[in-house]
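A closer look at the structure
Next come the chains, spelled out residue by residue.
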Amino acid sequence: MNNSVVQTFPLGFPWQTQDPFLFCVYHLDHYPKGNGELGPDPKLLEGRSLGNDFTIKDGWRMYHGTTIPGFPYHPHRGFETITIVNKGYCDHSDSLGAAGRFGEGDVQWMTAGRGVQHSEMFPLLNDDKENPLELFQIWLNLPKADKFVDPHFKMLWHEDIPIIKETNATVKVIAGNYRGNQANDPAPNSWAANNENEVAVWNIHIYPETEFILPKASTEVSRTLYFYEGDEIEIDGKKIKPNFGLVLDGAQETTIKVGKKQAHFLILQGKPIGEPVAKYGPFVMNTDAEIQQAMDEYRTTQFGGWPWPYPDNVHEKEKGRFAKYPDGDLVEK
């Protein structure tokens, strides 16, 4: 019998990750009907710690938003964010003048590089029904050689993302190559842009009472499997409940036996960068001195300032899915 499980751990907020990944958080919020101004009824905000609301109350959180849920403007430097919105919508605005509304399966890939500010708000577009949100945000590190590249913002629209339908599962290939099915290109300076690094981000749904074989990697990688929805699974003869993560040996195949409910997983995999990591909030560099430099530069330059009218900027309610890039190019879906 294979023994591909190296470690199991409970899923907290955020989730535990391995190099080259820095951070992964899963947002599942059952937002109520909108109030016509992209937020919840103000009466529902009573008793919340507005501005820092991370406690699930009535099935949802406001995060750092005060009238609209989400994350008003904040800086990043030295890494990338990969934002997967399976349900609901995210409104993006940034210090480069770029903007977008994406959701219902879309993915945004943003390279912070030398520094960018952005906001990520969750507009409640439906006034006649609830506004569920399911979102992953993943931080992928940049090697030292690329930490000061120009910021870059890219959309992976859900219509273009490969979704592999097998007899017992569907595999959404956001990054990497799954059994010969290659994902769309990531941002150009990403660690994932070099296929030799074997970076993979896969969202896998496996049907009830079936088996699924996760193929082995061809190089030495870190591989983490997150079991975030379902009933019970079995790997290497061990029963595992949902809301657990597993560090896997990527050199082996992993057979997943699924119980009576469909099981949902996220896979993060990649060759480790193997460099020192210094972190302070939204800055990820290689040394503490570089962190201090990032803080000083942000205080001085604001990474280009904020060209939008509000820190929690959102777009017109009637606006559909779109991306406006820093060069003015506009894509509407």
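The structure under discussion appears in the preceding block.
The paragraphs below set out a description of the structure included in this document. (Residues numbered from 1 in each chain as written. Predicted model: local features only at pLDDT ≥ 70, side-chain atom pairs only at ≥ 80, totals over all residues. Heavy atoms only, no water.)

1. Examining the overall build of the protein chain
What the protein chain contains, in helices and strands, is 1 helix and 26 strands. Taken along its principal axes, the extent of the C-alpha atoms in the protein chain is 60 × 50 × 35 Å. Within the protein chain, the proportion of its 333 residues that are buried is 55%. Accessible surface, the protein chain as shown: approximately 14,600 Å² in total, 49% of it carbon and sulfur. Mean positive and mean negative side-chain charge positions of the protein chain (32 and 46 charges, respectively) differ by 3 Å. (Helix = DSSP H or I, 4+ residues; strand = E, 2+ residues; numbered from the N terminus. Buried < 20%, exposed > 50% of the residue type's maximum accessible area, 1.4 Å probe, protein only. Areas by Shrake-Rupley, 256 points an atom, 1.4 Å probe, with all protein chains shown as cover. Lys, Arg positive; Asp, Glu negative; His and termini not counted. Charge placed at Lys NZ, Arg CZ, Asp CG, Glu CD.)

2. Observations regarding the sheet that holds strand β12 (residues 169-175)
An order of β1-β20-β17-β22-β15-β12-β11 is seen for the 7 strands of this open sheet, with the pairing classed as antiparallel. Looking at the sheet topology across the chains shown, the edges are occupied by β1 (5-10) and β11 (163-165). Between one strand axis and the next, the sheet turns through 20 degrees on average, direction left out of account. Of the pairings in the sheet, the one linking strand β15 (residues 200-206) to strand β22 (residues 263-270) comprises 7 bridges and is antiparallel in character. Residue Ala 200 lies in a different strand from β22, and its bridge partner there is Gln 269. (Pairing = 2+ DSSP bridges. Axes fitted to C-alpha atoms, helices over the stretch in contact; angles between N-to-C directions.)

3. Observations regarding the sheet that holds strand β18 (residues 233-235)
Reading across the sheet, the 4 strands line up as β16-β21-β18-β19 and stay open at both edges, with antiparallel pairing between neighbours. On the outer flanks of this sheet lie β16 (211-214) and β19 (238-240), each paired with one strand and no other. When the angles between neighbouring strand axes are averaged without regard to direction, this sheet yields 30 degrees. The sheet contact formed by β18 and β19 spans 3 bridges and is antiparallel. Bridge assignment links Ile 235 to a residue of β19, and that residue is Lys 238.

4. Observations regarding the nonpolar core
Ranked by internal contacts, the top residues of the largest apolar core, which has 28 residues, are Trp 15, Ile 82, Ile 84, Ile 138, Val 201 and Leu 266. Sorting the residues of this core by element identifies β2 (21-31), β4 (79-87), β7 (107-111), β9 (131-141), β12, β17 (222-229) and β22 as the ones contributing at least two each. If we ignore the near neighbours within four places in the chain, the residues touching Val 201 are Phe 21, Ile 82, Ile 84, Ile 138, Lys 172, Val 173, Ile 174, Ala 175, Leu 266, Ile 267 and Leu 268. Within the second largest apolar cluster, 25 residues are counted, among which are Val 173, Ile 233, Leu 248 and Phe 265. (Core = buried A, V, L, I, M, F, W, Y, C linked by side-chain atoms within 4.5 Å. Contact = heavy atoms within 4.5 Å.)

5. What about the packing of aromatic side chains?
By the definition in use, this model includes 24 aromatic pairs. Ring plane angle 75 degrees and centroid distance 6.2 Å describe the contact between Phe 71 and Phe 122, whose orientation is recorded as edge-to-face. One end of the pair, Phe 71, is in strand β3 (residues 70-76); the other, Phe 122, is in the loop between β8 (116-121) and β9, and 51 residues separate them in sequence. Put simply, the rings of Phe 9, Trp 15, Tyr 26, Phe 136, Tyr 226 and Tyr 228 touch in pairs and so form one group of aromatic residues. (Phe/Tyr/Trp six-rings, centres within 6.5 Å; stacked < 30°, edge-to-face > 60°.)

6. As for the environment of Thr 219
Along the polypeptide, Thr 219 turns up in the loop between β16 and β17. With relative accessibility at 33%, the residue Thr 219 sits in the partly exposed group. C-alpha of Thr 219 to C-alpha of Gly 250: the two residues are 31 residues apart in sequence and 8.2 Å apart in space. The contacts of Thr 219, once residues within four sequence positions are left out, are Glu 196 and Glu 198.

7. Some details on the side chain of Lys 147
Following the sequence through the fold, Lys 147 ends up in the loop between β9 and β10 (152-156). There is no salt bridge for the buried Lys 147, and the closest opposite charge comes from Glu 275, which lies 6.2 Å off by N-O distance. Only 2.7 Å separates the side chain of Lys 147 from the backbone oxygen of Gly 78, close enough to count as a polar contact. (Salt bridge = Lys/Arg side-chain N within 4 Å of Asp/Glu carboxyl O. Polar contact = N/O pair within 3.5 Å; in protein donor to acceptor, adjacent residues only side chain to side chain.)

8. So, the pattern of salt bridges
Counting across every chain of the model gives 15 salt bridges. In this structure, Arg 48 and Asp 53 form a salt bridge, with 2.8 Å as the shortest nitrogen-oxygen distance. Like Asp 53, Arg 48 is buried. Note that Glu 159 and Arg 321 form a salt bridge whose closest N and O atoms lie 2.9 Å from each other. Note that Glu 159 is positioned in the loop between β10 and β11 and Arg 321 in the loop between α1 (288-301) and β25 (322-324), a separation of 162 residues in sequence. For Glu 159, a relative accessible area of 45% puts it in the partly exposed group. Ionic contacts of the salt-bridge type, sharing partners, join the residues Asp 106, Glu 159 and Arg 321 into one network.

9. Considerations on α1
For α1, which comprises 14 residues, the first-to-last C-alpha distance of 20 Å matches the rise-based estimate of 20 Å (1.5 Å per residue) to within 8%. Of the residues making up α1, those classed as buried are Glu 290, Ile 291, Ala 294, Met 295 and Tyr 298. Along the axis of α1, the buried residues cluster in a sector spanning 145 degrees; they form a single face. In α1, the exposed positions that point more than 90 degrees away from the buried face belong to Ala 289, Arg 299 and Thr 300. Those residues of α1 that are buried lie in contact with β3, β8, β23 (278-280) and β24 (283-285). Gln 302, located one to two residues past α1, shows a positive phi value of around 55 degrees. (Expected span 1.5 Å × (residues − 1). Arc of directions from axis to C-beta.)

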